[in-house]
Amino acid sequence: MRITTLGSRLLSTLLVMLAITIFVFLVMRWLPGDPVDRILGGSGQVSQQQLRALRASYHLDQPVPLQLVNFLGDLLHGDIGESVVYNRPASQVILEHLPATAELAVAATFFAIGVAAPLGVAAAVWRGSWFDRLASAGSYLGISMPGFWLGIALILVFAVHLRWLPVGGRADPGAEPAGPTGFLVLDAILHLDLTALASALAHLILPAVTMGSVMLAVLSRVLRSSMIEELDKEYVALALAKGASRRRAIVCHALRNALIPSVTVFGLELGTLLGGNMVVETVFGWPGVGQLAVSSIFARDYAVVQGVVLLYALTFAVINLLIDISYTKLDPRVSF
Amino acid sequence: MRPRLEVRDLTVVGPAGGRPVLLLRSLSFVVEPGEILGLIGESGCGKSLTLLSVLGLLPRGLAVQAGSVRLDGMELIGAPQRAMAAIRGRRVAIIFQDPQNCLNPSFTIGRQVGEALCIHKLARGRRAVRDRVVELLTEVGLPDPEGCMDRFPHQLSGGMQQRALIATALAAGPQLLLADEPTTALDVSVQAQIMELLRDVNRQRGCSIVLVTHDLALASQFCDRIAVMYAGQIVEEGSVANIVHRPAHPYTQGLLACLPMLGRRQQLRPIPGEIPTPDEVLAVGCAFAPRCRHRLQECTSAHIELHEATDGHRARCLLVRHSPQPVGPPT
Amino acid sequence: MGVRLKDRLGAGPTLVVGAVVVAIFALDALLAPLVAPHDPLHGELARRLLPPVWMGGSADYLLGTDGLGRDVLSRLVWGARVSFGLGLAGAAIAAGVGTALGMVAGWWEGWLDGLLGRLADFLLAFPMLIFAIGVITALGSGFWNLILALSLKSWVEFMRLVRGQVLAHKQLVYVDAAHALGRSGAGILAWEILPNIFHGVLVLATLRVGYLIIAAASLSFLGLGVQPPTPEWGAMVNDGRNFMLSAWWLSTFPGLAIVVLVLGLNLLSEGLHELLDPRFRDPGIPR
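Residues numbered from 1 in each chain as written. Chains lettered and ligands numbered in written order. Predicted model: local features only at pLDDT ≥ 70, side-chain atom pairs only at ≥ 80, totals over all residues. Heavy atoms only, no water.

### As for the overall build of chain C
A count of helical and extended segments in chain C gives 11 helices and 0 strands. Along chain C, helices (α) and strands (β) appear in the sequence α-α-α-α-α-α-α-α-α-α-α when read from the amino end. Relative to its full complement of 287 residues, chain C shows a buried share of 53%. In chain C, of all internal contacts separated by at least 6 residues, the share reaching a separation of at least 24 is 74%. Here chain C displays about 12,500 Å² of accessible surface, and carbon together with sulfur accounts for 68% of that area. (Helix = DSSP H or I, 4+ residues; strand = E, 2+ residues; numbered from the N terminus. Buried < 20%, exposed > 50% of the residue type's maximum accessible area, 1.4 Å probe, protein only. Contact = heavy atoms within 4.5 Å. Areas by Shrake-Rupley, 256 points an atom, 1.4 Å probe, with all protein chains shown as cover.)

Listed below in structure tokens is the structure:
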């Protein structure tokens, strides 16, 4: 029974991923105007022969269903077309920008969880106190603030006015380690380069905070209400009655169970986080996939746009699947 | 010999409808080593609260206003948290009513039963803890103790969960067990088994037990002595024989009259009126007076002490003071 | 009912504060032509980049002027029409479509319900901005395309909410009673069930307006939403980025407007939830 239900969950995820891919394919095909014109970017005189060759390479002379099959086939080989801006395969361009986004996303997530957890627990333990009320007000504010404005406000305060942190970019010029991972922080550690590490971290702070703020606000509220519910339950009182310290009862017992509903919310908010990525990268001039997507839209570099949209959506689908699986590990009452 | 537990003039105050009211009013009772004391009362009389006060685990907003609770001579009221944590589980343990809610759904039975051992550092190493837990699970009568250890609470039946909870309570070897309605949430057939288990625990370990229940019949079968609570006070206490056959307080008499007895056709006589909520309780005099058939003028005008009817049998009633013989047998 | 309403209102400052804030912005949006001191589209280049009046600017332009000499306050006031309008329109369409589909799915179930469910799963796989970008890239930017993109993704939530509620209410006695009185399925849905679940839709819709305002502003900020010279708060923040060091107020005030309005909407939603929910929780006895 376990394996089959897990299998059906995998299958439904794959189906969704397929649907996403087809959707993206269709959307791109329905763009007004001739795809070839778009590809050429109106670059003027092109011979009929070249036009025909171009059409053939994009399978545009074939019926649409066949185009779809070709598209999927190419996709599996990692080929999503050619970037007209960079004159290289779009997939290559995207991969180059990926580590920057991945590092930012990971940092933002760590920030959000790292602050939301103690905040939510403390607000629950001290419910009704000024701390709780302040945290509640803060979280309301957090979900009301658009990411682009928060980012700009943070830049104005910390970079322009106080000059504590840099205005944008990933690192100080010349301080980028040519590392194996592409994650500047990790590479700096691997190279034991303290200047590079400091530079990378300083540049990471404001964008990560901006990107993670909404998730922080939502998670802390959910965690707070789950904790309040769990703290009232009898098994917590029993733990204390066995001689457990308050800390043990709160963290080992109540929090452990309060995490379960929070994980679902985390999965949902991860989508918001990814969505906000484009805005944050634009505000901070972060050279990642988000910024690439925005500039590609304006440059009409549709292969790249297509690739980025696919990347975001597919990543999100996979992450949701992983979260569903982790659910069964967390809650013994739920089994596949 | 020093009593195991000595509660004296325990007064607990809490908010009810915004104002502070007395929930326990000068409560006093004693539990001797090795005896089973039944704490009888209906909902709202404060019997569960009494147990929580002993452990120092009153819910938010409630506080001990006055009184003393001594466990083997050690004062518990006002003791620092660390000292309290050291005796909880180790010298006094509690069993709650609904086993389903008392077990953490995310941890295995083995881990929860053994938790007290780890907290009080009574076993070193996983092997030792595991062996001890198996012993405990066997003692409480769980079939397949080894298998049970690795199961989760939702995989056990109600009766088995309660046995596991008893094992949890016994893990660190307490000499006083507080049982708050341990069988109320269980099926009748299972109830008897659990009560037998508790009796075994009392006999084999010499553990004193305070059994809180609303079931007078149950208490009369298993307890050595009974204390009857009403509106936050003890209104009568004595041996089971005295309480059941020669009840002195009108409330106790009323309770007994409410009990249907197998094999006898009788008219059940309910006690008129309703249990007062904490803020409705009379400030002076007997709390039961408004509902009492034998009410006197003096009953509501002055504080009433526990008066001795016979040896060890006391009732908080002026009628006992007037005539040492109890007022009348239950009909 | 009137008396209880007053008791409830007394207990909830959230509702009052939220309602007041939203009302102010709504009035502002409606009365923009009367409230705004200047034409939001016309700028005096000679008076560009003036600071707000308390920082040495002119009383004519209370919040200063932007790079093209346009009055920031007037653009903010007119921007309410655009931003608030986008949020309202998007939420209204999403609520309408979602509620209708949810009622159909919950009442008749069957293959239609299954289809809608699959569609919902698919749409939920996209983060909102990503989806909107896909749609906008295909159809172009602009006010109505923006609304389309936003509501195309948002209806799912309403559908799920209403579907769940209809499924639950279907079981209750009052529906049987209506059947017995000869009401048709559609009639029951519209006249019996809908009034009972409407409050949930209202609470969600209020919340969603704020969310969509932010989404629309984000897209406009990126240049993918409303196009210049239409005053939209997100686009205004973007315009102000060029002058971040010299004229920080250009980006700050429009963003602040978004924060305050969305905060008001969130509070209103919370207040409505407190006010309406417990009362309507038990409309009938289950069979």
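### Quick word on a nonpolar patch on the surface
Residues and elements named next belong to chain C. The grouping of Leu-27, Leu-30, Leu-31, Leu-34 and Val-35 at the surface amounts to a nonpolar patch, some 520 Å² of accessible area in total. Of all the elements in the fold, those that place two or more residues in the nonpolar patch are helix H2 (13-30) and helix H3 (32-35). Mapped onto the secondary structure, Val-35 falls in helix H3. Under the relative-accessibility criterion, Val-35 is labelled partly exposed at 43%. (Patch = residues over 30% accessible without salt bridge, like charges linked within 9 Å, V, L, I, M, F, W, Y side chains within 5 Å. Salt bridge = Lys/Arg side-chain N within 4 Å of Asp/Glu carboxyl O.)

### Describing the packing of aromatic side chains
Under the defined criterion, the tally for this structure stands at 17 aromatic pairs over all chains. Members of the aromatic cluster, connected to one another through ring pairs, are Phe23(A), Phe122(C), Phe126(C) and Phe131(C). Over the aromatic face of Tyr140(A) sits the side chain of Arg221(A), whose NZ or CZ is 4.6 Å from the ring centroid. Seen from the ring of Tyr211(C), Arg208(C) lies directly overhead, with NZ or CZ sitting 4.4 Å from the centre. (Phe/Tyr/Trp six-rings, centres within 6.5 Å; stacked < 30°, edge-to-face > 60°. Lys NZ or Arg CZ within 6 Å of the ring centre and 35° of its normal.)

### Examining the pairing of strand S9 (residues 225-230) of chain B
Residues and elements named next belong to chain B. Across the 6 residues that make up S9, a large majority, 6, are buried. Residues of S9 alternate between two faces, with Arg-225, Ala-227 and Met-229 on one and Ile-226, Val-228 and Tyr-230 on the opposite face, all of them buried. Where strand S3 (residues 36-40) and S9 come together, 4 bridges link them in parallel fashion. Bridge pairing in S9 places Ile-40 opposite Val-228. Two strands pair when backbone bridges link them, and S9 and strand S10 (residues 233-239) are joined in this way by 6 bridges, in the antiparallel orientation. Along S10, the bridge assignment pairs Ala-227 with Glu-237. (Pairing = 2+ DSSP bridges.)

### So, the packing of helix H5 (residues 90-125) of chain A against helix H9 (residues 194-231) of chain A
The axes of two packed helices give the description: the angle between them and the distance between them. All names here are of chain A. Relative orientation of the contacting elements H5 and H9 amounts to 35 degrees, with a least axis distance of 6 Å. Between H5 and H9 lies a crossing of right-handed hand. Considering only residue class, the contact of H5 with H9 consists of 27 nonpolar, 3 polar and 2 charged. (Axes fitted to C-alpha atoms, helices over the stretch in contact; angles between N-to-C directions. Left-handed = near helix turned anticlockwise from the far one by under 90°. Nonpolar A, V, L, I, M, F, W, Y, C, P; charged D, E, K, R; others polar.)

### Topic: the confidence of the model for chain B
In low-pLDDT regions, the fine details of the predicted coordinates are not to be read closely. Across chain B, the average pLDDT comes to 86, with 95% of residues at 70 or higher. Below pLDDT 50 for its whole length, residues 326-331 of chain B participates in 15 contacts with residues either more than four positions away or in separate chains. (pLDDT = per-residue confidence, 0-100.)

### Details of the sheet that holds strand S1 (residues 5-16) of chain B
Consider a sheet: its strands pair through backbone hydrogen bonds, and that pairing is either parallel or antiparallel. Residues and elements named next belong to chain B. Pairing is antiparallel in the open sheet, where 4 strands are placed in the order S2-S1-S4-S5. Here the strands that pair on one side only, and so sit at the sheet edges, are strand S2 (19-31) and strand S5 (74-75). Summarising the sheet, S1 and S2 pair through 9 bridges and their orientation is antiparallel. By the bridge assignment for S2, Pro-15 is matched with Pro-20. Packing against the sheet, helix H1 (residues 47-55) makes contact with S1, S2 and strand S4 (63-71), and its axis sits at approximately 75 degrees to S2.

### Considerations on the interface of chain C and chain A
Listed by partner, the interface residues are 36 residues for chain C and 36 residues for chain A. Carbon and sulfur atoms supply 83% of the area buried between chain C and chain A, which totals about 3,400 Å² over both sides. Inspection of the region where chain C meets chain A yields 0 salt bridges. When residues of the side of chain C that touches chain A are traced back to their parent elements, those giving at least two are helix H5 (110-124), helix H6 (128-139), helix H9 (185-221), helix H10 (233-240) and helix H11 (249-276) of chain C. Among the elements that make up the side of chain C that touches chain A, the one with the highest residue count is H11(C) (11 residues). Residue composition of the side of chain C that touches chain A, grouped by class: 25 nonpolar, 9 polar and 2 charged. (Buried area = accessible area lost by both parts, 1.4 Å probe.)

### Some remarks on the nonpolar core
Ile20(A), Phe148(A), Met278(A), Ile193(C), Leu219(C) and Trp233(C) are the most contacted members of the largest nonpolar core, which has 157 residues in total. With 17 residues, the top contributor of residues to this core is H9(C). Two domains share this core, each providing at least three of its residues, namely domain 1 (2-76) and domain 2 (90-330) of chain A. Setting aside residues no more than four positions away along its own chain, Met278(A) makes contact with Gly290(A), Ala293(A), Val294(A), Tyr312(A), Leu129(C), Ile130(C), Ile133(C) and Leu222(C). Within the second largest apolar cluster, 123 residues are counted, among which are Ala241(A), Leu23(B), Val92(B) and Ala169(B). (Core = buried A, V, L, I, M, F, W, Y, C linked by side-chain atoms within 4.5 Å. Domains from an automatic or database assignment.)

### Re the interface of chain B and chain A
Listed by partner, the interface residues are 26 residues for chain B and 20 residues for chain A. Between chain B and chain A lies a buried interface of about 2,100 Å² when both sides are counted; carbon and sulfur atoms form 58% of it. At the junction of chain B with chain A, the criterion picks out 2 salt bridges. Our count for the chain B to chain A interface comes out at 12 residue pairs in polar contact (both at pLDDT 80 or more). When residues in the side of chain B that touches chain A are grouped by element, the largest group, 4 residues, is from helix H4 (residues 109-119) of chain B. Residue composition of the side of chain B that touches chain A, grouped by class: 14 nonpolar, 8 polar and 4 charged. (Polar contact = N/O pair within 3.5 Å; in protein donor to acceptor, adjacent residues only side chain to side chain.)

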